[in-house]
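Listed below are the residues making up each chain.
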Amino acid sequence: MIRTDVLIVGAGPVGLFAAFQAGVLGLKCELIDVLDRAGGQCTELYPEKPIYDIPAVPGCLAQAWSTACSSNARRFAFPMHFNERANGLAEIPARRTP
Ligand SMILES: Cc1cc2nc3c(=O)[nH]c(=O)nc-3n(C[C@H](O)[C@H](O)[C@H](O)COP(=O)(O)OP(=O)(O)OC[C@H]3O[C@@H](n4cnc5c(N)ncnc54)[C@H](O)[C@@H]3O)c2cc1C
């Protein structure tokens, strides 16, 4: 079982950015993705497509952008669990502090 402050399901661009923000906030974070690598749709579906709607980025290939998102997230060295699917959510009682 993973015990962490933030568990992110999906290592696409949104999950990677969320992980980066968790790191900025000083939270512990782990990511899981059913695929064998990070990047989501940008990496899997259209890595060679130029994208132009990222703020402050005049234009770049989708793969370059998802690699940049991944590099930012990896600065915090959070564990990333690949080939793992989240099948549901369950509430776990909070641990009591003595
Ligand atoms: C052909 C195409 C072109 C596009 N062009 C643009 C564009 O030019 N500009 C633009 O802004 N957007 C574009 N988009 C949309 C953009 O790709 C998505 O908005 C973006 O990928 C969403 O990011 P995300 O991280 O939320 O999700 P995704 O990229 O979909 O990543 C989600 C990740 O979660 C994982 N996952 C899902 N369910 C589970 C589970 N139960 N357990 C574990 N892992 C799970 C998936 O494997 C995946 O890696 C395009 C989309 C397509 C298909």
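The structure contained in this document is the topic of the report that follows. As the structure is a computational prediction, the values presented were derived from the model and not from experiment.

**Comments concerning the overall build of the chain**
Within the chain, the regular secondary structure consists of 3 helices and 5 strands. Listing each helix as α and each strand as β along the chain from the N terminus yields β-α-β-α-β-β-α-β. Along the three orthogonal principal directions, the C-alpha set of the chain runs to about 55 × 25 × 20 Å. When each of the 98 residues of the chain is scored for burial, the buried share is 31%.

**Here we look at the site of the ligand**
Neighbouring the ligand are 18 residues, the closest being Asp33, Gln41, Tyr46, Lys49 and Ala86. At 2.5 Å, a side-chain N or O of Lys49 approaches an oxygen atom of the ligand. Out of a free accessible area of 1000 Å², the ligand has 62% covered by protein chains. Broken down by secondary-structure element, the contributors of at least two residues to the shell around the ligand are helix H1 (13-24) and helix H2 (40-44).

**Describing the sheet that holds strand S1 (residues 6-9)**
Strand pairing in a sheet is mediated by backbone hydrogen bonds. Such pairs are either parallel or antiparallel. Taken together, the 3 strands give an open sheet; going across it, the order is S1-S2-S5, and neighbouring strands pair in parallel fashion. Each edge of the open sheet carries a strand with a single partner, namely S1 and strand S5 (80-82). Across the sheet, the mean angle separating the axes of adjacent strands is 15° when strand polarity is ignored. Across the sheet, H1 lies against S1, strand S2 (29-33) and S5, angled at about 170° from S2, the strand it touches most.

**Brief notes about the pairing of S2**
A regular strand places its side chains so that they alternate between the two faces of the sheet. Along S2, 5 of the 5 residues are buried, which leaves the element largely enclosed by surrounding structure. Along S2, one buried face is formed by Cys29, Leu31 and Asp33 and the opposite face, lined by Glu30 and Ile32, is buried too. One ladder, built from 4 bridges, connects S1 with S2; its direction is parallel. In the sheet register, Val6 faces S2, and the bridge partner there is Cys29. Following the backbone out of S1, through H1 and into the adjacent parallel S2, one traces a crossover that is right-handed. Bridge count for S2 against S5 is 3 bridges, and the pairing is parallel. Pairing of Asp33 across the sheet is with Phe82, part of S5.

**Thoughts on H1**
Since the α-helix advances by 3.6 residues per turn, residues separated by three or four positions end up pointing in the same direction. With 12 residues, H1 should reach 16 Å at 1.5 Å per residue; the first-to-last C-alpha distance of 17 Å fits that figure. All of the buried residues in H1 are Pro13, Gly15, Leu16, Ala19, Phe20, Ala22 and Gly23. Buried residues along H1 sit in contact with S1, S2, H2, helix H3 (62-74) and S5. Looking one or two places after H1, you find Gly26, whose phi comes out positive at around 80°.

**Some thoughts on the layout of surface pockets**
Empty space within the largest pocket amounts to approximately 600 Å³. What lines the largest pocket is a set of 19 residues, and nearest its centre among them are Met1, Ile2, Arg3, Leu7 and Ile92. Across the lining of the largest pocket, the residue classes tally to 9 nonpolar, 4 polar and 6 charged.

Thresholds applied
- Residues numbered from 1 in each chain as written.
- Predicted model: local features only at pLDDT ≥ 70, side-chain atom pairs only at ≥ 80, totals over all residues.
- Heavy atoms only, no water.
- Helix = DSSP H or I, 4+ residues; strand = E, 2+ residues; numbered from the N terminus.
- Buried < 20%, exposed > 50% of the residue type's maximum accessible area, 1.4 Å probe, protein only.
- Near = heavy atom within 4 Å.
- Polar contact = N/O pair within 3.5 Å; in protein donor to acceptor, adjacent residues only side chain to side chain.
- Areas by Shrake-Rupley, 256 points an atom, 1.4 Å probe, with all protein chains shown as cover.
- Pairing = 2+ DSSP bridges.
- Axes fitted to C-alpha atoms, helices over the stretch in contact; angles between N-to-C directions.
- Contact = heavy atoms within 4.5 Å.
- Right-handed = clockwise from strand over helix to strand, strands pointing away.
- Expected span 1.5 Å × (residues − 1).
- 1 Å grid on protein atoms, 1.4 Å probe; cavity = no way out; pocket = protein on both sides within 12 Å on 5 of 7 lines; lining within 4 Å.
- Points joined across faces, edges and corners; volume = space filled by probe spheres on them.
- Nonpolar A, V, L, I, M, F, W, Y, C, P; charged D, E, K, R; others polar.

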